[in-house]
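# Summary of structural features
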Amino acid sequence: MIPCKPNGRRLLQLLFFFLVFSVLNNVSAQDGKTLFMSKCAACHQVMKDGTGPALMNLEERGKWSDHNEILKWTQNPSAYMANDPYTQGLKTKFGSLMQSFPDITIKEIDAIVSYVNQAVADSKKAPPPGETTGAKTSNNALIFGVISLILAIIALILMQVNSNLKKMSDDAEGIVRPDPVPFYKNKVYIAMLSVLLFVVGGYYVTKGAIGLGRQKDYQPVQPIYYSHKVHAGINQINCLFCHGSAWESKTAGIPSVNVCMNCHKAITTYEKGPKLYTENGDEINANNEIAKLFKAAGFDPKNPTKWDPAQAKPVEWVKIHNLPDHVYFNHSQHVKTGKVQCQSCHGEITAMDEVKQFAELSMGWCINCHRNTKVDFNYSNNTGNKFYSIYEKFHNDIKAGKMDSVTVKDIGGLECQKCHY
Ligand code: HEC
Ligand code: HEC
Ligand code: HEC
Ligand code: HEC
Ligand code: HEC
Ligand code: HEC
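A quick note: this is a predicted structure, and the numbers were derived from the prediction, not measured. (Residues numbered from 1 in each chain as written. Chains lettered and ligands numbered in written order. Predicted model: local features only at pLDDT ≥ 70, side-chain atom pairs only at ≥ 80, totals over all residues. Heavy atoms only, no water.)

### A word on a nonpolar patch on the surface
Together, Leu149, Ile153, Ile157, Val161, Leu165 and Met168 line one region of the surface with nonpolar side chains, adding up to about 600 Å² of accessible area. By the secondary structure assignment, Ile157 is in helix H6 (residues 135-173). (Patch = residues over 30% accessible without salt bridge, like charges linked within 9 Å, V, L, I, M, F, W, Y side chains within 5 Å. Areas by Shrake-Rupley, 256 points an atom, 1.4 Å probe, with all protein chains shown as cover. Salt bridge = Lys/Arg side-chain N within 4 Å of Asp/Glu carboxyl O. Helix = DSSP H or I, 4+ residues; strand = E, 2+ residues; numbered from the N terminus.)

Have a look at this one:
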């Protein structure tokens, strides 16, 4: 006769792998997003053209249905373009040449493309913009959960049938055995179930706990409807005009009313720009918003020529980006020394009316960028960072061909105490 126990056990094992797989699967979909955000999002959006073309429906354009072609292009755009009229055309349209990523791998390309495809699918499904993230993954988790539950029930039924059959055949043959241990008292099953619950439960609890306090896409309503699109986008005011301390200090800072009034003493009404709307689609009366600014600067709203500095009070902007207290982040280190664009971390601010938090600000986000970003090391022609001239070893290794570039990781960007107090 076929032994009965292993059958049920195999089912349980299957169930176990299924759950583990579902967890791993989620992680890899997440990877594509992380890669896209850290490497491509500075220039590409999924649905809209930016510095580079929108990447939606990518596989239907050029030779991109073959991911190896995307790989070749991404590794070295200028070489690829040399004998490819399609990308030459893109360059003419978009003006600038795409950045090269010589170290990118086919796996990473696959992950990025699948993230893009997923983002397109998500946007078709979810109606309100800004709330699309996570919908798909939680959907997946639900489906996996339901399937797992069904499998578990089938496993239990099969085990029950199995033991009944065995009992019947034993009865028929007149064999008297001690009563079989019911499955819910069977120590092996109980042990396996506990391990399973521990692993799965532990994973979700840890993940949830680490994510506490993160607020990607946070977009509070500000006391004055101040549009970055109008100022930094349409009127091309340099970020550093208002956030100048990003260049020389740890914080980027929020400008005081005085900075605003440098211009707004002359600009008292909003006339040239496009109509402005809140997230909910309500139209903004921009002149009222400018009036709020005047009030904050100490002007009498009823009589704008009357100015009393004693009435001035700072605007209470709501802070959007907040790292936990145990993390040290320095703007000048990134903006001035590292030459990282504001947009790499804050997204296309010039296209946002109201600022929203673009990056997750998780530790993985910092670390991934440090793993991948090359340090400008070329101090011989004075474009690079002279500080690194002491790193003779890297210099010699590069000369000897032992390495071809230096990432932030190599200069200590993954060391705990660099980011943690
Ligand atoms: C510094 C800006 C920049 C970055 C970063 C960047 N790209 Fe591009 N990308 C461009 C530009 C600009 C073009 C248009 C071609 C050109 O002008 O070189 C382009 C074109 C493309 C195209 C062809 C699109 C089409 O319409 O057929 C693909 C595919 C692509 N990029 C993929 C990527 C991927 C993947 C990444 C991230 C690993 C990335 N790009 C990062 C600027 C960038
Ligand atoms: C004319 C002044 C001005 C200019 C120019 C400007 N900003 Fe701002 N920025 C502000 C003000 C005021 C706030 C606070 C209100 C808000 O969050 O919208 C702010 C907020 C921000 C925030 C969110 C800060 C937080 O609370 O976490 C970021 C990020 C930011 N700006 C980035 C940029 C970038 C990048 C540019 C250039 C593309 C830029 N700003 C140009 C005035 C300016
Ligand atoms: C390497 C990523 C990165 C770059 C590049 C970057 N920022 Fe930030 N920015 C952050 C982080 C992280 C915070 C949150 C800091 C905190 O909570 O201590 C932040 C916070 C801010 C704030 C809120 C006020 C503050 O200082 O905490 C403003 C405004 C801001 N950034 C503007 C800018 C501007 C303008 C640039 C370009 C000149 C820029 N950032 C470049 C990551 C970056
Ligand atoms: C470098 C000049 C300059 C500075 C500095 C500046 N603005 Fe403006 N602001 C403009 C211009 C230009 C317009 C658009 C006028 C138009 O289109 O008719 C504008 C429009 C506005 C508007 C109406 C559109 C909107 O965004 O809602 C508000 C409100 C406003 N500014 C507030 C501020 C505040 C608050 C500050 C300081 C944080 C500030 N501005 C700093 C030049 C400036
Ligand atoms: C978009 C890419 C990017 C992101 C995101 C990023 N960094 Fe960096 N970081 C850099 C670069 C580039 C440098 C190297 C600057 C230089 O040339 O010294 C750097 C350097 C540093 C250093 C100094 C390392 C050393 O050994 O001198 C610290 C500390 C640091 N980053 C902290 C952070 C923290 C904390 C975060 C997340 C909140 C973060 N970074 C996110 C690109 C990034
Ligand atoms: C490049 C910067 C950076 C480096 C290097 C770094 N961390 Fe972090 N770490 C962060 C940031 C940012 C957070 C906050 C993440 C959040 O708010 O969710 C964090 C959070 C944490 C937390 C809290 C749990 C969590 O993930 O939020 C622990 C524990 C931690 N780090 C340990 C370490 C250890 C150990 C190392 C060295 C192996 C290290 N960190 C290196 C940036 C860094």
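### Description of the coordination of the iron atom of ligand 6
Around the iron atom of ligand 6, the protein supplies Met363 (SD) and His420 (NE2) as donor atoms, at distances of 2.0 to 2.1 Å. Coordination geometry of the iron atom of ligand 6: the 6 donor atoms subtend angles of 83 to 179° at the metal centre, consistent with an arrangement described as octahedral. Residue Met363 is found in helix H15 (residues 363-372), and its partner His420 is found in the segment after helix H17 (416-419); the two are separated by 57 residues along the sequence. The class for Met363 is exposed, based on a relative accessible area of 54%. (Donors = N, O, S within 2.8 Å, 3.2 Å for Na, K, Ca; no water. Tetrahedral: all angles 85-135°; square planar, octahedral: opposite > 155°, others 65-115°. Buried < 20%, exposed > 50% of the residue type's maximum accessible area, 1.4 Å probe, protein only.)

### A closer look at the pairing of strand S2 (residues 303-307)
One ladder, built from 2 bridges, connects strand S1 (residues 299-300) with S2; its direction is antiparallel. Across the sheet, residue Phe299 finds its bridge partner in S2, namely Trp307. Between S1 and S2, which follow one another and run antiparallel, lie 2 residues. (Pairing = 2+ DSSP bridges.)

### Here's the deal with empty space enclosed by the protein
With the rule as written, the count across this model stands at 1 cavity of 30 Å³ or more. Around the largest cavity sit Ala41, Ala42, Cys43, His44, Gln45, Gly50, Thr51 and Glu348, which together line it. Along the lines of polarity and charge, the residues of the lining of the largest cavity split into 3 nonpolar, 4 polar and 1 charged. (1 Å grid on protein atoms, 1.4 Å probe; cavity = no way out; pocket = protein on both sides within 12 Å on 5 of 7 lines; lining within 4 Å. Points joined across faces, edges and corners; volume = space filled by probe spheres on them. Nonpolar A, V, L, I, M, F, W, Y, C, P; charged D, E, K, R; others polar.)

### Side note on the pattern of salt bridges
The final tally for this structure, using the stated rule, is 9 salt bridges. Between Asp49 and Lys93 there is a salt bridge, with its nearest N and O atoms 3.8 Å apart. Here Lys93 lies in helix H4 (residues 85-94) and Asp49 lies in the loop between helix H1 (5-40) and helix H2 (67-75), a separation of 44 residues in the sequence. Here Lys93 falls in the exposed class, since its relative accessible area comes to 61%. With a shortest N-O distance of 3.4 Å, Asp84 and Lys63 are connected by a salt bridge. Separated by 21 residues along the polypeptide, Asp84 in the loop between helix H3 (77-82) and H4 and Lys63 in the loop between H1 and H2 bring together distant segments of the chain.

### Comments concerning the site of ligand 4
Not every one of the 25 residues close to ligand 4 is listed here, only the nearest: His231, Cys260, Cys263, His264 and Glu271. Within the contact set of ligand 4, an oxygen atom lies 2.9 Å away from a backbone nitrogen or oxygen of Ser227. His264 places a polar side-chain atom, nitrogen or oxygen, 2.7 Å from a nitrogen atom of ligand 4. Classifying every residue of the shell around ligand 4 by side-chain character gives 16 nonpolar, 6 polar and 3 charged. (Near = heavy atom within 4 Å. Polar contact = N/O pair within 3.5 Å; in protein donor to acceptor, adjacent residues only side chain to side chain.)

### Some words on the coordination of the iron atom of ligand 2
Here the iron atom of ligand 2 is held by the protein donor atoms His228 (NE2) and His243 (NE2), which lie 2.0 to 2.1 Å from it. Angles of 87 to 179° at the metal separate the 6 donor atoms of the iron atom of ligand 2, which places the site in the octahedral class. Highlighted residues: His228 in helix H8 (residues 228-234) and His243 in the loop between helix H9 (239-242) and helix H10 (245-248), separated in sequence by 15 residues.

### Thoughts on the confidence of the model for the protein chain
Of all residues in the protein chain, 86% attain a pLDDT of 70 or more, and the chain-wide mean is 82. Considering each helix and strand of the protein chain separately, the mean pLDDT is smallest for H1, with a value of 60, and largest for H9, with 93. Predicted confidence for residues 1-6 stays below pLDDT 50, and this span has 6 contacts to residues more than four positions away or in other chains. Note on residues 20-27: pLDDT under 50 across the span, and 8 contacts to partners over four residues away in sequence or across chains. (pLDDT = per-residue confidence, 0-100. Contact = heavy atoms within 4.5 Å.)

### Remarks on the packing of aromatic side chains
According to the stated counting rule, one finds 10 aromatic pairs in the structure shown. Taking the centre distance of 6.2 Å and the plane angle of 65° together, the rings of Trp64 and Tyr86 count as edge-to-face. In this pair, Trp64 sits in the loop between H1 and H2 while Tyr86 sits in helix H4, placing the two residues 22 residues apart along the sequence. Overall, Trp64 belongs to the buried group, its relative accessible area being 4%. Relative to Tyr421, the ring of Tyr328 has its centre 5.8 Å away and its plane inclined at 90°; by these criteria the two rings are edge-to-face. With Tyr328 in the loop between S2 and helix H13 (331-337) and Tyr421 in the segment after H17, this pair connects stretches of sequence that are 93 residues apart. Tyr328 sits in the partly exposed class, given a relative accessible area of 29%. Residue classification places Tyr421 among the exposed residues on the basis of a relative accessible area of 66%. Ring pairs connect the aromatic residues Trp64, Trp73, Tyr80 and Tyr86, which therefore count as one cluster. (Phe/Tyr/Trp six-rings, centres within 6.5 Å; stacked < 30°, edge-to-face > 60°.)

### A look at the environment of Met261
Examined against the element boundaries, Met261 turns out to sit in helix H11 (residues 257-264). Judged by relative accessible area, which is 5%, Met261 ranks as buried. Taking the C-alpha atoms as reference points, Met261 and Phe294, separated by 33 residues in sequence, lie 8.1 Å from one another. Discounting residues that sit within four places of it in the chain, Met261 has contacts with Leu293, Phe294, Ala297 and Phe299.

### Description of the packing of H2 against helix H5 (residues 106-125)
Relative orientation of the contacting elements H2 and H5 amounts to 110°, with a least axis distance of 9 Å. As summarised for this structure, H2 and H5 are arranged roughly perpendicular, according to the angle between their axes. Here H2 contributes His67, Asn68, Ile70, Leu71 and Thr74 to the contact with H5, which in turn contributes Ile106, Ile109, Asp110 and Val113. When grouped by side-chain class, the residues that make up the contact of H2 with H5 number 5 nonpolar, 3 polar and 1 charged. (Axes fitted to C-alpha atoms, helices over the stretch in contact; angles between N-to-C directions. Parallel < 35°, antiparallel > 145°, perpendicular 65-115°, else oblique.)

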